[in-house]
Every structure is written in structure tokens, then in C-alpha cells.
Amino acid sequence: MSLEVRGLHAGYGRLPVLHGIDLDAADGELVAVIGANGAGKTTLLRALSGLLTATAGTVRLGDADVTGLGPERLARAGLAHVPENRLVFPSLSVDDNLVLGGYTRRRGPAAERSRARDRALALFPRLEPRMRQAAGTLSGGEQQMLAIARGLMAQPRVLVLDEPSVGLAPRLVGEIFSALGRLRDGGLTLVVVEQNARAAFAVADRAYVMDRGRVVLEGEPATLMSDPRVTAGFLGGGFAAEVPAPGPAAPRPSAPGDGGRR
Amino acid sequence: MTDLLQLLFAGLSQGAVYALIAIGFVAIFTVSGVINLAQGEFAALAGLVAISAAGGGMLLPAAAVLAVSTVAIVAVVMERLVIFPVRGMTTLVSLILTLGVSTGLKALMLLIYGPDAKGLEPLFPGAFDLAGVSIRYQELLILAVAGVVALAVYWFYEKTLAGKSLRACAEQPVAARLVGISLSRASLLSFLIAGCVGAIGGVLASPIYFTGWESGLTLGLKGFVAATLGGLVSVRGAVLGGLLLGVLENLTAGYISTGLRDAVAFFLLIVVLVARPSGIFGRHAEARV
């Protein structure tokens, strides 16, 4: 299922954070959204999944306009959100976390629920021996896997993830992102918000760069990788060449190889 | 020795009533951070409804069911009218709101049932002697019913999807919403549970301790202290806290002075809040269950 965001504005109380975001994820596409701390990435996901009400703009899920729906309705409509810092239910067992992940499908056929569970466990076999353990006792990597598996239990058509790599060892980051790649290959649409641009670019089909509540760059990871504004800001090399906000008088870094994209 | 056993037994049955009221505090607090000061009024109202229904000739079990259902409805209506509409509820705001509800319910009970405290006639009157300890059948009934109710509540939270969804709301409200659990429905359900267990406690206590329009104040405070002893977040802690409080009260009344009975709860509360704010049975910084 595709996701289409047009002119999305959102914020907290009187503090606007997003200033007109346009974003598309085609059916079966893995889209990465990168940006520095405070760029509005998490706010974007919160507005997508209905935790935050957008003040303007539209969100379409497939053919349906889902703007303004709460998270419960959106989960039922096919969008699952894997939140920042995983937020597993710590005192509940891994098994119960998965059961609650399928909460919106609780009245659906049991066979479908158990299929979703088998698929999630096939993706993260490490969870299998831990089913009876309290989720709070899992390692950070296992909790991230559980958070993703819990999201998959809702049988989503679009999965959005907030910083799945945060606080994880590089080997685990690779493991998580390759699992996301496999989900995409299985036909799921994914939007991954990341600060770890290198990890996200390794699997993403397309990427957006956000800064101060706006999308400032968009393109394929390979081209973005060689863009000096991205290499300077997000792939190491310091923050000297900060991505400028778009505007008539915004100075652009005159680095060689900048072909004036966007 | 006989004295001690007698006091222990009386303490346990009284503590079982506190435990039921304490479970109500925990059920609501974990889901929404609301401290429901009307929890004691739930128990008092149930006692009065049962007394007046039984006085009107209704069979005792039917009167008990009527009392519990009435209070369940009152609790649910209270949640929808007073708690649900408030945006950005904090514990402090909840104290003020539920204090208002508690005062209103007291006035209502005074108007309907009059100023005199009454006792429900016991389902099984009489007592028997066991090793020199006089045991009233009603006290056994209190212990048995409270035990079954506490186990049922525990089973609900551990084994059913609805119970697990309430724990999910308590532990990670944001993630609970993301998996599609409605916080509004969870809050309503928590008030329903609190209303039912509180009412059962009130009906059970009525034959022994008498019920009047003001009884809710002491019952509610004792229940709150019991819940706090357990850290305010665990059903098991609330039950243990209730039993402990009941036993300590009776030992104090028996060995020191009956006048000090009601002081025990507040002395305990101060000691626990200063020494172990997370409750005597709770681990520090334990997740809210």
C-alpha cells in the first residue's frame, strides 16, 4: 500500500515543528528519512500514525484519506508505528507483547494471527526461545526486534519506524536493517526515520533529508551519498557545512560536484 | 496466645476489606494516574444499598448483587462525567475532582439513607470456637470472598487480553495507543473494576463494622494506606498491604489502646512514605503494573 503525504504541518501546542512536508512511499518501497536531532523526524512519524494531529495537509494510505485519524483507527487501516526507544511492555512476556501487537486484529481469524506471528518470528528467530521471558529483561537489540515484531502483528501494509538503530551495536544495526530489507522484498511499504544515515542508505530505495521541519533533499541513496551536503552533515566529516533551509537568500555551499540538485 | 490468635484473625478479616478497597485504588491509578478519593464512598454506598434492599425484604444475595451493580454504574458514570472529559489529567487534578465526587456522594447518601449507621444482617449469623478463638461465620465469609475476588482480579490482569491491555496502558501508554488500545476504554474499565471490588468490600464489611453515610472516609483512607504500602501499583502489594494494616490495627487496639486503632494507618503511611516511597513490597523504580 502506498503512503502519500502532502503539505503536512504539525507541532506541539503553539510550537510548530513541521512546515509542509511532502513525502511519498510507493507500494513495496523502503524510504529512509534522515536528518539531525530536532529536524522533526519523530514529529513526522507521530503525525503519520495519529499520535499528533496535523494542523494542515493530508495523509493518504492507498486510496483512503486517513488525515486526522487516531492511532487506533490507523492501525486498523494498515499503518503500524514502531516507536522511538522501542517502548516494549516491560513486565509482560515477549509472547504477550506480540499478542497485544495484534490487538486491532483480535476479532479477526485466529489463523491469520498465528500466520503473522510465524512470519514475525521467522524474521527474528532470536525471540523464539525468549517467549516466556519478561520483555524488560531482553537486551536492547532483542527489544528492538520485539518492537518491530509487535508492529508486524497488526498485519500492517505500511510500517513506519523511528530510529531503530539507536543505542545498538553496529552488528545488530546491520541485522535489523537487513530484516527491514527482507520485509520490503516481501511487499511491505516501509518508512524508516534514522540518524544513522549510512545504515539506512544501505537498504533504502529512496531517501529524504529533513532539516528544521522541512524536506531539503530527496533522491536515491547512491546519489545522496555523494552529495557534499549529506556527506558533511550525516556521514561524518563534521557539521561545518550545515544543510541550509530553503529560501531565496539561503546560501548554498559551493562544493565541487554539487550539481544544483533540488 | 489465644488473645494473639483472636486478634490476628480479626485483623485478617478486617484487612481483607481494606485489601479489596486498595485493589480499586491500584486498578485506577495504574491506568490513568488518577487517585480516586471516592473509592471509600463506593464501599459505603454498596453497604447502604444492600442494607436498604435487605430491609425492604430482598434476599441477602440479591441485595448484594443489586448493591454491587449500583456502585458499578455509579463508578462508570463518574468516569465518563468527571474523569474522561478532562484533558491532561494530573494526579493533583484527579485528587481535587474525586474529592468533589466523594463529597457529593456523601451528601447523596445522607439525603437518601439518613444520618444513622446501620448493619447488614449477616448471611450466616453466629460464631464457633476453634482452639479458644471465637470465629464469626461472617468473618470467614469475608476472607473467602475477598480471596476469590483478589484471585479473580489477579487472573484477569495476568491471563486475559483485556487485563493485559490495561497493564500495557499502565506501562507504556504511547505504545499501547500505537497497538490500537483505547486509553479511554481502559480508563472506563479500570473504574468498573474499582467500583465492583470496592462495592464487594463494602457489602462484606457491613454486617460487622456498620455502614453510614460517613463510613467511606475511613474505609477509603485505610484502603489508600493499604495500596500505598504496596507501592500503589500492584494488586499483590495492595492485598498484602491491606492484610498487614488490618492485623496491625487489631494488635494495637488489643495490646495498646483501642483509641489508637485509627492512628496506626497514618503512622504506617508516614513511615513508609519517608523510608520506602515505592512501598514495602515494591522494588525501587518498579514499572507500574
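Residues numbered from 1 in each chain as written. Chains lettered and ligands numbered in written order. Predicted model: local features only at pLDDT ≥ 70, side-chain atom pairs only at ≥ 80, totals over all residues. Heavy atoms only, no water.

### Some remarks on the overall build of chain B
- Along chain B, the regular secondary structure elements total eleven helices and two strands.
- The C-alpha radius of gyration of chain B comes to 18 Å, within 12% of the 19 Å expected for a compact globule of 289 residues.
- Along the three orthogonal principal directions, the C-alpha set of chain B runs to about 60 × 45 × 35 Å.
- Pairs at least 24 apart in sequence give 75% of the contacts found in chain B among residues at least 6 apart.
- Here chain B has roughly 12,400 Å² of accessible surface; of this, 72% comes from carbon and sulfur atoms. (Helix = DSSP H or I, 4+ residues; strand = E, 2+ residues; numbered from the N terminus. Rg over C-alpha atoms; globule rule 2.2 N^0.38 Å. Contact = heavy atoms within 4.5 Å. Areas by Shrake-Rupley, 256 points an atom, 1.4 Å probe, with all protein chains shown as cover.)

### Considering the nonpolar core
- In this structure, Phe89 of chain A together with Ile23, Tyr157 and Ile181 of chain B are the most contacted members of the largest nonpolar core, which totals 57 residues.
- Taken together, the elements giving at least two residues each to this core come down to helix H1 (2-32), helix H5 (137-159), helix H6 (161-171), helix H7 (173-178), helix H8 (183-209), helix H9 (215-229), helix H10 (235-255) and helix H11 (261-275) of chain B.
- Broken down by element, the residue count for this core peaks at 13 residues, all from H1 of chain B.
- Look past the residues within four positions of Ile181 of chain B in its chain and what remains in contact with it is Leu100 and Tyr103 of chain A together with Ser165, Ala168, Cys169 and Ala176 of chain B.
- Formed by 49 residues, the second largest nonpolar core is a distinct cluster that contains Ala149, Leu161, Ala204 and Leu224 of chain A. (Core = buried A, V, L, I, M, F, W, Y, C linked by side-chain atoms within 4.5 Å. Buried < 20%, exposed > 50% of the residue type's maximum accessible area, 1.4 Å probe, protein only.)

### Some points on the interface of chain A and chain B
- Listed by partner, the interface residues are 22 residues for chain A and 19 residues for chain B.
- In total, about 1,900 Å² of surface goes out of reach between chain A and chain B, with carbon and sulfur atoms giving 66% of it.
- Put simply, chain A and chain B have one salt bridge between them.
- With a closest N to O distance of 2.8 Å, Lys164 of chain B and Asp96 of chain A form a salt bridge.
- Going through the elements one at a time, helix H2 (71-77) and helix H3 (94-101) of chain A are the ones with two or more residues in the side of chain A that touches chain B. (Buried area = accessible area lost by both parts, 1.4 Å probe. Salt bridge = Lys/Arg side-chain N within 4 Å of Asp/Glu carboxyl O.)

### Section: the sheet that holds strand S5 (residues 64-65) of chain A
Residue and element names in this part refer to chain A.
- Taken in spatial order, the four strands make up an open sheet running S2-S1-S4-S5, and their pairing is antiparallel. Lying at the two open borders of the sheet, with one neighbouring strand each, are strand S2 (15-25) and S5.
- The strands that helix H1 (residues 41-48) touches are strand S1 (3-12), S2 and strand S4 (56-61); relative to S1, the one it contacts most, it runs at about 110 degrees. (Pairing = 2+ DSSP bridges. Axes fitted to C-alpha atoms, helices over the stretch in contact; angles between N-to-C directions.)

### Some remarks on the pattern of salt bridges
- Under the defined criterion, the tally for this structure stands at 19 salt bridges over all chains.
- Here Asp262 of chain B makes a salt bridge to Lys222 of chain B, at a shortest N to O gap of 2.8 Å. On the criterion of sequence distance, the pair formed by Asp262 of chain B in helix H11 and Lys222 of chain B in helix H9 is long-range, its members being 40 residues apart.
- Taking the relative accessible area as the measure of exposure, Lys222 of chain B reaches 4% and is therefore buried.
- Shared partners join several salt bridges into a network, and the residues in it are Glu29, Arg206 and Glu218 of chain A.

### Quick notes on the domain arrangement of chain A
Residues and elements named next belong to chain A.
- You can read the domains of chain A as domain 1 (1-78 + 157-172 + 188-262) and domain 2 (89-155).
- With 13 residues of domain 1 in contact, the opposing surface of domain 2 contributes twelve residues.
- Interface area for domain 1 against domain 2, summed over the two sides, is near 850 Å², with a carbon-plus-sulfur share of 62%.
- Considering only the surface of domain 1 that becomes buried against domain 2, Arg76, Leu159 and Leu172 emerge as the three largest contributors, covering 43% of it.
- Between the two partners, domain 1 and domain 2, sit one residue pair in polar contact (both at pLDDT 80 or more).
- For the side of domain 1 that touches domain 2, the secondary structure elements donating two or more residues are H2, strand S7 (158-162) and helix H6 (170-185). (Domains from an automatic or database assignment. Polar contact = N/O pair within 3.5 Å; in protein donor to acceptor, adjacent residues only side chain to side chain.)

### Examining the packing of aromatic side chains
- This structure, assessed with the given rule, holds three aromatic pairs over all chains.
- When the centroid spacing of 5.3 Å and the interplanar angle of 35 degrees are considered together, the rings of Phe128 of chain B and Tyr137 of chain B count as tilted.
- Exposure remark for Phe128 of chain B: the relative accessible area of 27% places this residue in the partly exposed category.
- Given the relative accessible area of 35%, Tyr137 of chain B is considered partly exposed.
- Note on Phe156 of chain B and Tyr157 of chain B: the rings are 5.4 Å apart at their centroids and 75 degrees apart in plane angle, and the pair reads as edge-to-face.
- By relative accessible area, which is 18% here, Phe156 of chain B ends up buried.
- Given the relative accessible area of 10%, Tyr157 of chain B is considered buried.
- The ring centre of Phe89 of chain A lies 4.8 Å from the NZ or CZ of Arg150 of chain A, which sits over that ring. (Phe/Tyr/Trp six-rings, centres within 6.5 Å; stacked < 30°, edge-to-face > 60°. Lys NZ or Arg CZ within 6 Å of the ring centre and 35° of its normal.)

### Quick notes on the state of the cysteines
Residues and elements named next belong to chain B.
- Applying the stated criterion across every chain, the model contains zero disulfides over all chains.
- No disulfide involves Cys169; its sulfur sits 19 Å from that of Cys196, the nearest cysteine.
- A residue is classified by how much of its surface remains accessible, and Cys196, at 25% relative accessible area, is partly exposed. (Disulfide = S-S within 2.5 Å.)

### Considering the pairing of strand S6 (residues 79-82) of chain A
All names here are of chain A.
- Both faces of S6 are covered, namely the face carrying Leu79 and His81 and the face carrying Ala80 and Val82.
- In terms of strand pairing, S6 meets S7 through four bridges, oriented parallel. Across the sheet, residue Ala80 finds its bridge partner in S7, namely Leu159.

### Focus on a nonpolar patch on the surface
Residue and element names in this part refer to chain B.
- On the surface, Leu123, Phe124, Tyr137 and Leu140 cluster together into a nonpolar patch covering about 350 Å² of accessible area.
- Position of Phe124 among the secondary structure elements: in the loop between helix H4 (91-113) and strand S1 (127-130).
- What makes Phe124 partly exposed here is its relative accessible area of 47%. (Patch = residues over 30% accessible without salt bridge, like charges linked within 9 Å, V, L, I, M, F, W, Y side chains within 5 Å.)

### Some details on the pairing of S2 of chain A
All names here are of chain A.
- Where S1 meets S2, eight bridges bridge the pair, whose relative direction is antiparallel. Bridge pairing in S2 places Val5 opposite Leu23.
- In this antiparallel pair of consecutive strands, S1 and S2, the connection spans two residues, and Gly13 shows a positive phi of 55 degrees.

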